Amino acid sequence: MQRYFVTPPQLQGGTFAITGDDARHIVKVMRMKPDDKIYVSDGQSNSGIAVIREITADTVLVELEKLLESSSEPAWSVTIAQSLPKGDKMELVIQKGTEIGACAFAPFQSERMIVQYDARKEAKRLERWGKIAKEAAEQCHRDRIPAIEGVRSWKELLQLIGSFDLALFCYEEEGKEHEGLGLRAAVQHWLTAGVRQGDKPSILLIAGPEGGFTGREAAEAEQAGARLVGLGRRILRAETAGIVGLTCLMYESGEMGGV
């Protein structure tokens, strides 16, 4: 069944309407009919099954059949901080990151960033990114839509690091050295240091632009509390590093059969 996001009051029971793009998707793309069932979620880890009762030109009337107790959200809350890549690469990071399990995306500016950031276009860009996150969350049956935060400066990113239980700074120079600290080693050390059972730890995963991070940026991030980690000895593309790092974190959390 396809999943659609609704408002929290709509999941309190009874009949409610689905409109806009979701209604058009139900009718035009999925070609659903009355008595067909869909998953619905309020974006706050509450979900249920609803039955289509009536379809009009621009509205789909559904009735909540039952609430579901299980959640599809991962045990760790991971935010991908991505230095703005060129073209539509950020859209790929958001789409695939949402599918894998990211809880939020925090784009930022860095020294070797290739793209020319235009603050005047930010609102339109955030709207586009939010739509991509919503559609990806629906497609992969997430209970939440990841948050898309506004573009930060480098200084603002450094200030963000301390608000997380763990911040991992993906730095290619760490991966080149045999003794460089890898992501898994950093996570295992952090777990050994004492993450309490039952917690939902918050992790910031910082990935760089096409030109990579400078040594100064790495030093400043480490001073702010981030752990410099490598993702192997190969150089990953800007849009690949965050996705790979997130996948590793999902494995280590037990999401994919890890610890």
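Residues numbered from 1 in each chain as written. Predicted model: local features only at pLDDT ≥ 70, side-chain atom pairs only at ≥ 80, totals over all residues. Heavy atoms only, no water.

1. A few points about the pairing of strand S3 (residues 37-41)
Strand residues, when the strand is regular, have side chains that alternate between the two faces of the sheet. By the criterion of burial, S3 is predominantly enclosed, with four of the five residues buried. Where strand S1 (residues 3-5) meets S3, three bridges bridge the pair, whose relative direction is parallel. By the bridge assignment, Phe-5 is partnered in S3 with Ser-41. Note that S3 and strand S4 (residues 47-55) share five bridges and pair antiparallel. Residue pairing in the sheet places Ser-41 in a bridge with Ser-47 of S4. (Buried < 20%, exposed > 50% of the residue type's maximum accessible area, 1.4 Å probe, protein only. Helix = DSSP H or I, 4+ residues; strand = E, 2+ residues; numbered from the N terminus. Pairing = 2+ DSSP bridges.)

2. As for the side chain of Gln-2
When you line up the elements, Gln-2 lands in the segment before S1. The class for Gln-2 is buried, based on a relative accessible area of 16%. For Gln-2, the contacting residues outside a window of four places in its chain are His-25, Met-30, Met-32, Ile-38, Tyr-39, Glu-138, Gln-139 and His-141. (Contact = heavy atoms within 4.5 Å.)

3. Some points on the state of the cysteines
Following the criterion strictly, the structure yields zero disulfides and no others. No disulfide involves Cys-103; its sulfur sits 14 Å from the nearest other cysteine sulfur, which is in Cys-140. With relative accessibility at 27%, the residue Cys-103 sits in the partly exposed group. Taking the relative accessible area as the measure of exposure, Cys-140 reaches 25% and is therefore partly exposed. (Disulfide = S-S within 2.5 Å.)

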